[in-house]
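Topology and contacts: notes
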Amino acid sequence: MTSHQSTQTMKPATAAKKLGVYLEATPAEFQEGVVSRTELNTLQTDPPEWLRELRRNGPHPRPVIAAKLGISISGLARGGITDALTTEQIEALKKEEPEWLQKERATQAEVRKEAARIKEKNAQRAEEPESRRS
């Protein structure tokens, strides 16, 4: 029995998510078609101008906005940011640094600190001999 590999494809929304771009800002032919794994790899390794432009100037999807601001996606929602933003708008928010953004950054810093503490505790626990754990 011979096996032939079928081409793995994905919806444009999935491909846009993997590329870190806002789907509605992509060209119509990208939004209306399907993207194969090979095409996705090509887009990642050798992005066309439209993709480079989107990554550079936006509009950006919420996960990218949150990362650029150093907060969580939930923090974006609490701050009232529900739509895509351009790089320029993100930079303006950073400069303005509204109270909600300061608060979300502090919250995110606490979350990271706690995650590091737990990771360190687990690492120490893993180093302990079995007999001492009981």
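Residues numbered from 1 in each chain as written. Predicted model: local features only at pLDDT ≥ 70, side-chain atom pairs only at ≥ 80, totals over all residues. Heavy atoms only, no water.

1. Brief notes about the overall build of the protein chain
Condition: Secondary structure elements follow DSSP: runs of H or I of four or more residues count as helices, runs of E of two or more count as strands, with numbering from the N terminus. Radius of gyration means the value over C-alpha atoms here, while the globule rule gives 2.2 Å times the residue count to the 0.38 power. Partly exposed describes any residue whose relative accessible area lies between the buried limit of under 20% and the exposed limit of over 50%, with all areas from a 1.4 Å probe on protein chains only and scaled to the type maximum. The contact rule is simple, with two residues in contact once any of their heavy atoms fall within 4.5 Å.
Of the regular secondary structure elements, the protein chain holds 9 helices and 2 strands. For 134 residues, the compact-globule formula gives about 14 Å, and the C-alpha radius of gyration of the protein chain, at 21 Å, lies well above that figure. By its C-alpha atoms, the protein chain is 60 × 60 × 25 Å across when sized along the principal axes. A buried classification covers 26% of the 134 residues belonging to the protein chain. The long-range fraction of contacts in the protein chain, counting pairs at least 24 apart against all pairs at least 6 apart in sequence, stands at 53%.

2. Remarks on the side chain of glutamate 104
Relative to the elements of secondary structure, glutamate 104 occurs in helix 8 (residues 99-127). Overall, the relative accessible area of 7% leaves glutamate 104 in the buried class. In this structure, glutamate 104 is in contact with Ile71, Gly75 and Arg78, ignoring residues within four places of it in sequence.

3. Quick notes on the side chain of serine 36
Checked against the element boundaries, serine 36 lands in strand 2 (residues 35-36). In this structure serine 36 comes out as buried when scored by relative accessible area, which is 10%. Not counting residues up to four positions away in its chain, the partners in contact with serine 36 are Thr7, Gln8 and Thr9.

4. Quick look at the packing of helix 5 (residues 62-69) against helix 7 (residues 87-96)
Applicable threshold: Note on method: axes are straight lines fitted to C-alpha atoms, helices fitted across the in-contact stretch only, with angles between N-to-C directions ranging 0 to 180 degrees. The crossing is said to be left-handed when, going from far helix to near helix, the turn is anticlockwise and less than a right angle, and right-handed when the turn is clockwise. Three classes are used, and their members are as follows: Ala, Val, Leu, Ile, Met, Phe, Trp, Tyr, Cys and Pro are nonpolar, Asp, Glu, Lys and Arg are charged, and the others, Gly among them, are polar.
Look at helix 5 against helix 7: their axes get within 10 Å of each other, and the N-to-C directions meet at 35°. Like other packed secondary-structure pairs, helix 5 and helix 7 cross with a definite hand, here right-handed. Where helix 5 approaches helix 7, its residues Ile65, Lys68 and Leu69 are matched on the opposing element by Thr87, Ile90, Leu93 and Lys94. Looking at the contact of helix 5 with helix 7 residue by residue, the class counts come to 4 nonpolar, 1 polar and 2 charged.

5. What to know about the packing of aromatic side chains
What counts here: A pair of aromatic rings is counted whenever rings of Phe, Tyr or Trp (Trp by its six-membered ring) have centres within 6.5 Å, and the orientation is called stacked for planes under 30 degrees apart, edge-to-face for over 60 and tilted otherwise.
By the definition in use, this model includes 1 aromatic pair. An angle of 55° between the planes, with centres 5.4 Å apart, marks the rings of phenylalanine 30 and tryptophan 50 as tilted. One end of the pair, phenylalanine 30, is in helix 2 (residues 28-32); the other, tryptophan 50, is in helix 4 (residues 49-57), with 20 residues separating them in the sequence. Judged by its relative accessible area of 8%, phenylalanine 30 is buried. By relative accessible area, tryptophan 50 is classed as partly exposed at 26%.

6. A look at the layout of surface pockets
The following threshold applies: Grid points spaced at 1 Å over the protein atoms alone were grouped into cavities, where a 1.4 Å probe fits but cannot get out, and pockets, open sets with protein on both sides within 12 Å along at least five of seven lines, with lining residues defined by an atom within 4 Å of a point. Grid points are joined across faces, edges and corners, and a volume is the space filled by probe spheres set on the points.
In this structure, the largest pocket occupies an estimated 230 Å³ of space. Forming the boundary of the largest pocket are 15 residues, of which Lys17, Val21, Pro61, Arg62 and Pro63 lie nearest the centre. Of all elements in the fold, only helix 1 (12-19) and helix 5 reach the threshold of two or more residues within the lining of the largest pocket. Counting residues per element, the lining of the largest pocket draws most heavily on helix 1, which supplies 3 residues. Taken together, the residues of the lining of the largest pocket sort by class into 8 nonpolar, 3 polar and 4 charged.

7. Thoughts on the packing of helix 1 against helix 3 (residues 37-45)
When two helices pack together, their arrangement is captured by the angle between the axes and the distance separating the axes. Quick reminder of the rule: Between 65 and 115 degrees an angle is taken as roughly perpendicular, under 35 as roughly parallel, over 145 as roughly antiparallel, and anywhere else as oblique.
Taken N-terminus to C-terminus, the directions of helix 1 and helix 3 make an angle of 30°; their axes are 11 Å apart at the nearest point. Between helix 1 and helix 3, the angle is such that the two are roughly parallel. Every pair of crossing elements has a handedness; the one defined by helix 1 and helix 3 is right-handed. Residues Ala15, Lys18 and Leu19 of helix 1 touch helix 3, and the partners they reach there are Arg37, Leu40, Leu43 and Gln44.

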